[in-house]
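Observations on the model geometry
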Amino acid sequence: MIKWRAEKLVEKLLSVKFVIFLVATVLLCCGVLGCAEWLTVALAVIAGREVQKFRGDRIEKEEG
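The present account deals with the structure reproduced in this document. (Residues numbered from 1 in each chain as written. Predicted model: local features only at pLDDT ≥ 70, side-chain atom pairs only at ≥ 80, totals over all residues. Heavy atoms only, no water.)

Further remarks concern the overall build of the protein. Check the secondary structure of the protein and you find three helices and zero strands. In sequence order, the protein lays out its α and β elements as α-α-α. Relative to a compact globule of 64 residues, whose C-alpha radius of gyration would be 11 Å, the protein shows 15 Å and is clearly more extended. Along the first, second and third principal axes, the C-alpha atoms of the protein reach 50 × 30 × 10 Å. Each of the 64 residues in the protein was classed as buried or not, and the buried ones make up 5%. Taken as a whole, the protein presents about 5,600 Å² of accessible surface, with 69% of it coming from carbon and sulfur. One way to put it: in the protein the 10 positive side-chain charges average out to a point 4 Å from where the 8 negative ones average out. (Helix = DSSP H or I, 4+ residues; strand = E, 2+ residues; numbered from the N terminus. Rg over C-alpha atoms; globule rule 2.2 N^0.38 Å. Buried < 20%, exposed > 50% of the residue type's maximum accessible area, 1.4 Å probe, protein only. Areas by Shrake-Rupley, 256 points an atom, 1.4 Å probe, with all protein chains shown as cover. Lys, Arg positive; Asp, Glu negative; His and termini not counted. Charge placed at Lys NZ, Arg CZ, Asp CG, Glu CD.)

As structure tokens, then:
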């Protein structure tokens, strides 16, 4: 059970969207990005995830 959760956590940490979010956060802390740019990246990551969920739901409904 714990091993399965750890594997899922690693999969999520290695996702492209999370890496982009992490890099943007580091750049924000270093002063390279401003708050508006960071917010844009964060919203893009969130929107990308929601679109991914929507597509998955739609495909499941079409198959079912």
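In a regular helix each residue adds 1.5 Å, so twelve residues correspond to 16 Å; helix H1 (residues 2-13) covers 16 Å between its end C-alpha atoms and thus fits that length. Burial analysis of H1 places just zero of its twelve residues in the buried class, a small minority of the element. (Expected span 1.5 Å × (residues − 1).)

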